[in-house]
Structures are given as structure tokens and as C-alpha cells.
Number of protein chains: 2
Amino acid sequence: MVEGLPDLTPGQFSLVYNMFSFTVATMFAAFVYFVQAQKNLAPKYRVSMMVSSLVVFIAGYHYFRIFNSWDAAYVLNDAATMYEYSGKPFNDAYRYVDWLLTVPLLVIELVMVSGLPKGKSGSMMARLGIAAAAMIALGYPGEIATDTATRVIWGIASTVPFIYILYVLFTELGSTINEQTGEVKVLLKNARLLMLFTWGFYPIVYMAPFAGFEGASSLVTIQVGYTIADVAAKAGFGVLIYAIAKGKSEQEGFVVDEMAQPVAAQ
Amino acid sequence: MVEGLPDLTPGQFSLVYNMFSFTVATMFAAFVYFVQAQKNLAPKYRVSMMVSSLVVFIAGYHYFRIFNSWDAAYVLNDAATMYEYSGKPFNDAYRYVDWLLTVPLLVIELVMVSGLPKGKSGSMMARLGIAAAAMIALGYPGEIATDTATRVIWGIASTVPFIYILYVLFTELGSTINEQTGEVKVLLKNARLLMLFTWGFYPIVYMAPFAGFEGASSLVTIQVGYTIADVAAKAGFGVLIYAIAKGKSEQEGFVVDEMAQPVAAQ
């Protein structure tokens, strides 16, 4: 809960408001896409899009809540010149609840299309999923802390599982990715990089108050920044995973629908 | 955000209110149609309807928001004779967020059914999609500008990618369309014309304040005008794309379902 929010100009308030609404639309549109796109994939890759669809559905729900919380946290003053804190706290915890559910699913998505043999992928998904959940859970006590020392301690604790995830993605999973061919290999490397850059953005925002970065423009920057990172890390990432799954389906000779054959040919 | 809205008669207020509700219903109904109609198409054309379904889903969401924003922006006065500005701004930015997402998808839809070979269509979709997003993004600073000069400058900047899109549709894509046969060729030309006329309507509305076109009747005309243009450019356009995809599926010998064959024939 962020209490005592700074005054915002109508432009600042609206920017965040419209970014949240944009994200609701994007996440649910991505959900519709990931559900429908499954039929274009070989059956063994459809489950990766099913997981993607869960991620963006959960995120769409939370952005809907975040949008409402933002709208309730501010009122336009009587002179219609500034938006002022309404006294109703802006509930930032929605983000952590969202990440607790979606971040483990995102690492699982990547493992699913990486081409690991079936016996190995289950264990890697479990390890990465647990590490991802631990990363989020350990960050939260620092996020709500009022003193910098507590924030730093939990921030460092949260970084440990993050480094473990990166280590697995770039060593253990890296060797599997290097065995892939053509476009699929490039796309897998891009997906891993997108994960590194978008996830790397969150700790920067987390540490912003530590660097004395506060007030109206910082609030707006943080909210817009988190939102762009979420769109890229969830909807954008899902599209990349789809491209990988499509590429692998084609490499393995999957044809979208055999009913497409003209009946006369039978 | 449109602040300080003019008073409206109950008839004016209700016309816009009901147009917005009509559009929510139309967009979501079009969504349901485009999802279900995919099974009637050859698999390679189904993705064009998937994209159409995303467009109308995103638009349905935004019209739902626009409807709520309109409703909140006005209150009926005590004498129940006029609707007056409530003090809560009408958020016109929903339209721009919507267009930013849907306009690139609309050009992609058209390219998908135009019959371009696979290698060429990807590049054209990327170029047209980027140009479409640039067209919207460049228009927005002018839309929210309070002085006419700024509006004109951004309006002109936005026209550059629009002309590029028209150039590609009528030259590069035009020669591909001319190679198509029969009904498909006519429908493709109609879809391109529908795009030209509906998209051409937006800059006219954009420039309305420039022509001194202001006040209650102008507000109503602009909102109703944008709404009709959106219904034609998204739901109507999607139906045309469906007809093209259906025509091409039939030309290529696709039969909806071989189970439809009489059992006696076996």
C-alpha cells in the first residue's frame, strides 16, 4: 500500500491511467490470441501456449485491479488543476500477487519449448519455478519496508534465486539451446535475453527509493516502467514462445490441418 | 481528457450514450463471429480471422471504457432539462490507445488475405504495421494540444506514414491484388477502399476544431462520427476479410467438413 501519494498534474495522472488501461486490453487480447493460436502448433507444443494464456489472463486481471485502485487513489481538485491523494491507498501488492503466480509460469514456458528431453525438463521446471516464486516472495518484505536497510536486505535475499535462475538459463539450458537449429535457436536466445532484460528492470525500480528517487515524477516513471516491463515480459514473451513453438512444429513436419486436403483427392 | 464539456440536451447525450453501447455490442458480437467462423476457412486463412477477432475484442473493451467515461462525465441537472459536465473528464485517450493496438493489426489482416507469397508478406506486414503505429503515435500530441499550430504540425507529421501506407496498398500490394481472380479480386479492392474511406474520416474529425467547429453539436457529431468509422473500419472490414478468405478457401478446393458427405456414397 502506497500511502500519502504526491499530487499529480492531469497529464501525469492520465498517463499512468491510460497505460494501465492499455495493459488490460493488451493482456486480454494476448489471452485470446494464445488460446486461438494453439491449433496452429504441433500438439506437444500447445501446452506452452496454454501456460502463456494463463500468464496474460492473470496479468489482465491484476491490471484491471491496479487500474481501479489507481483511479480510486486520486481525485481531481475543485479547480481541476491537479489530481490529489483521495486517502484511499494505492494497492501495489497486486503486482506481487501477480508475479508470484506468473513469474514461475514464465520460466516454465521457456523450458517447455527449449527442446530438453522429457525426463530432464520436469526437474528443471520444478527448480526454476520454485526459485522464481522465492525471488518474488523474498522481495515483498523489502517493498513494504519503511526503512532502507530492510529494503536492501530483502532485495539482496531476492537476488540470490534470481542469479540461480540466470545461471540455469545460461549454462544448463544454454547447452540445450545451442543444439537447436536455424531460426528456432535464434528465437530461443532472444526469448532468454528478453527475460534477462525485462526481469533486470524490476530490481532497478525496486531500488529507486534507495537512490533518493521520490515524488510525483518518480511515481509516474515507476508505474509506467513496471507496466512496459510487464507487457514485454508477458505478452511480448508469449509471442516469442509462440514463434519458437511454431518453428519447431514446422521443423518436425507438422501440418496445421489435414482436413484441408480436397475431398476429391481421396 | 476533454475538460469543461459543453451542456447537452437529453437527446444529444443519449444519442452518444446509445451509439457507444451499440458499438460495445457490435464489437463483441463480431468477436464471437470471427472466432467461430474460422472453422469454415482453409487453415492458412484462419489466422486472418484470428487477427480480426483481436481487433474487435480490443475495440469492444475500449468502447466499454469510453461508454463508462461518457456516463461519468455528465450529470442530468436538477430540472432534468440538460446534461451538464460532472467535473470528471471524458477520457478520449482510450481511442488512441485502441488505435495504437488495432490499426497495425488491420493492415496486417489485409496483407494476410491478399495472396502475397510468404517471403514477401512478412516484410510488408512489418513495414505497414510500424507505419500504422507511427501514424497514431504522431497524431496524439496534436490531439491533446490546446493551440491550433501544434495540432496542425503533429497532424501533418501523422499524415506522412498514412500516405506511405496508401502508397504501399495501391502500388506494391495493388499489383498482387490485380493478379487475383473473380470475386476475390473485387472484394480485395473493396476492402482497400473501405480502409481508405474510413481512415480518411479520422483526419477530418481531427481537424474539426481547426475549422472553428466547436460546442455541443460538434462534440456529438465527432463522437458519433468516430464511432461509425470504427464500426465500419473494424467489424465491417473484418466481415469483408472473412468473405475474401472464404472465397480463396473455395478457389483452392477447401471443403468445410468431409463428414458432410452423404454416408451412402462410401
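Residues numbered from 1 in each chain as written. Chains lettered and ligands numbered in written order. Predicted model: local features only at pLDDT ≥ 70, side-chain atom pairs only at ≥ 80, totals over all residues. Heavy atoms only, no water.

## Focus: the overall build of chain A
Right, so step 1: For chain A, the helix and strand inventory stands at eight helices and two strands.
Right, so step 2: Seen through its principal axes, chain A has C-alpha atoms that stretch 75 × 45 × 25 Å.
Right, so step 3: Summed over its atoms, the accessible surface of chain A is roughly 11500 Å², and 68% of this surface lies on carbon and sulfur atoms.
Right, so step 4: Between the centroid of the 16 positive side chains of chain A and the centroid of its 19 negative side chains there is a distance of 13 Å. (Helix = DSSP H or I, 4+ residues; strand = E, 2+ residues; numbered from the N terminus. Areas by Shrake-Rupley, 256 points an atom, 1.4 Å probe, with all protein chains shown as cover. Lys, Arg positive; Asp, Glu negative; His and termini not counted. Charge placed at Lys NZ, Arg CZ, Asp CG, Glu CD.)

## Description of the interface of chain A and chain B
Right, so step 1: Chain A puts 30 residues into the contact, and the matching count from chain B is 30 residues.
Right, so step 2: Buried surface at the junction of chain A and chain B, both sides included, amounts to about 2500 Å², of which 64% is carbon and sulfur.
Right, so step 3: At the junction of chain A and chain B, the tally comes to one salt bridge.
Right, so step 4: Where B:K88 meets A:D71, a salt bridge forms, and the shortest distance between an N and an O atom there is 3.9 Å.
Right, so step 5: At the boundary of chain A with chain B, the tally comes to six residue pairs in polar contact (both at pLDDT 80 or more).
Right, so step 6: For the side of chain A that touches chain B, the residue count by class is 20 nonpolar, six polar and four charged. (Contact = heavy atoms within 4.5 Å. Buried area = accessible area lost by both parts, 1.4 Å probe. Salt bridge = Lys/Arg side-chain N within 4 Å of Asp/Glu carboxyl O. Polar contact = N/O pair within 3.5 Å; in protein donor to acceptor, adjacent residues only side chain to side chain. Nonpolar A, V, L, I, M, F, W, Y, C, P; charged D, E, K, R; others polar.)

## Observations regarding helix α5 (residues 148-170) of chain B
Residues and elements named next belong to chain B.
Right, so step 1: Helix length check: α5, at 23 residues, gives a terminal C-alpha distance of 32 Å against a target of 33 Å (1.5 Å per residue), a fit within 8%.
Right, so step 2: Within α5, the full set of buried residues consists of R151, G155, S158, P161, F162, I165, V168 and L169.
Right, so step 3: Where α5 is buried, its residues contact α3 (93-112), α4 (118-143), α6 (172-179) and α7 (182-206). (Expected span 1.5 Å × (residues − 1). Buried < 20%, exposed > 50% of the residue type's maximum accessible area, 1.4 Å probe, protein only.)

## Digging into the pattern of salt bridges
For side chains bearing opposite charge, pairing can occur when the charged atoms are close.
Residues and elements named next belong to chain A.
Right, so step 1: For the coordinates displayed, the defined rule picks out 17 salt bridges over all chains.
Right, so step 2: Where K234 meets D230, a salt bridge forms, and the shortest distance between an N and an O atom there is 3.1 Å. Note that K234 and D230 are positioned in helix α8 (residues 216-251) at a spacing of four residues, about one turn of the helix. The same class applies to K234 and to D230, which are both buried.
Right, so step 3: Each of D92, R95, D98, D230 and K234 takes part in a single network of salt bridges with overlapping partners.

## So, the confidence of the model for chain A
All names here are of chain A.
Right, so step 1: Overall, the prediction assigns chain A a mean pLDDT of 89, with 94% of residues at 70 or greater.
Right, so step 2: At the level of individual helices and strands, chain A shows its lowest average pLDDT in helix α7 (residues 182-206), which scores 88, and its highest in helix α2 (residues 43-73), which scores 96.
Right, so step 3: With pLDDT under 50 throughout, residues 258-266 is counted as low confidence; its partners more than four residues away or in other chains account for 10 contacts.
Right, so step 4: The ipTM value of the predicted complex is 0.84, and its pTM value is 0.88. (pLDDT = per-residue confidence, 0-100.)

## Observations regarding the nonpolar core
Right, so step 1: If you look at the biggest cluster of nonpolar residues, it comprises 172 residues, and the most contacted ones within it are A:W70, A:W199 and B:W199.
Right, so step 2: Non-local contacts of A:W199, meaning those with residues more than four positions away in its chain, are made with A:V103, A:L106, A:V107, A:M135, A:F162, A:I165, A:L194 and A:A233. (Core = buried A, V, L, I, M, F, W, Y, C linked by side-chain atoms within 4.5 Å.)

## A few points about the packing of α6(B) against α7(B)
Residues and elements named next belong to chain B.
Right, so step 1: Following both chains from N to C, one finds α6 and α7 inclined at 155°, their axes separated by 8 Å at the closest point. The angle between the axes of α6 and α7 places the two elements in the roughly antiparallel class. You can see that α6 and α7 cross each other, and the crossing is left-handed. Listed contacts from α7 to G174, I177 and N178 of α6 are K185, L188, K189 and R192.
Right, so step 2: A per-class count over the contact of α6 with α7 returns two nonpolar, two polar and three charged. (Axes fitted to C-alpha atoms, helices over the stretch in contact; angles between N-to-C directions. Parallel < 35°, antiparallel > 145°, perpendicular 65-115°, else oblique. Left-handed = near helix turned anticlockwise from the far one by under 90°.)

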